[in-house]
Amino acid sequence: METRLTDMETLLMHQENTIQQLNEVVREQQKMIDGLRAEVQLIKEHLQALSPSVNRLPSEEEPPPHY
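Description of the structure in this document. (Residues numbered from 1 in each chain as written. Predicted model: local features only at pLDDT ≥ 70, side-chain atom pairs only at ≥ 80, totals over all residues. Heavy atoms only, no water.)

### Looking at the overall build of the protein
Then, in step 1: If you tally the helices and strands in the protein, you get one helix and zero strands.
Then, in step 2: The buried share among the 67 residues of the protein stands at 0%.
Then, in step 3: Total accessible area on the protein stands at roughly 6,900 Å², and carbon and sulfur atoms take up 61% of it. (Helix = DSSP H or I, 4+ residues; strand = E, 2+ residues; numbered from the N terminus. Buried < 20%, exposed > 50% of the residue type's maximum accessible area, 1.4 Å probe, protein only. Areas by Shrake-Rupley, 256 points an atom, 1.4 Å probe, with all protein chains shown as cover.)

### Describing the pattern of salt bridges
Then, in step 1: According to the stated counting rule, one finds two salt bridges in the structure shown.
Then, in step 2: Measuring nitrogen to oxygen at the nearest pair gives 2.3 Å for the salt bridge that ties R27 to E24. Residue R27 and its partner E24 are located together in helix α1 (residues 2–50), separated by three residues, close to a single helical turn.
Then, in step 3: Residue classification places R27 among the partly exposed positions, given a relative accessible area of 47%.
Then, in step 4: With a closest N to O distance of 3.6 Å, E28 and K31 form a salt bridge. A residue pair is termed a helical-turn pair when its members lie 3 or 4 positions apart in one helix, as E28 and K31 do in helix α1 at three residues. (Salt bridge = Lys/Arg side-chain N within 4 Å of Asp/Glu carboxyl O.)

### Some thoughts on a nonpolar patch on the surface
Then, in step 1: A grouping of I43, L47 and L50 is seen on the molecular surface, where their side chains present a nonpolar patch of about 340 Å² in accessible area.
Then, in step 2: Turning to its location among the elements, I43 is positioned in helix α1.
Then, in step 3: Classification of I43 by relative accessible area gives partly exposed; the value is 48%. (Patch = residues over 30% accessible without salt bridge, like charges linked within 9 Å, V, L, I, M, F, W, Y side chains within 5 Å.)

### Section: the environment of E24
Then, in step 1: Judged by its relative accessible area of 34%, E24 falls in the partly exposed class.
Then, in step 2: Side-chain polar atoms of E24 contact the side chain of R27, separated by 2.3 Å. (Polar contact = N/O pair within 3.5 Å; in protein donor to acceptor, adjacent residues only side chain to side chain.)

Keep in mind that these numbers describe shape and distance, not what the molecule does.
Structure, rendered in structure tokens:
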């Protein structure tokens, strides 16, 4: 009986350690996802500024700065 209890306590400690490690991985991945989302948003904004809008007619677009 004592051995079974010790084995269960050991298993529980290993599981808690594994959960902590997984939690750290998830937090790091979330930081990376947040950073990538910010980069994608920035790229979208740059692309929208570079290309004419598909929602506007060509006559509604502003002329290029050299006109």
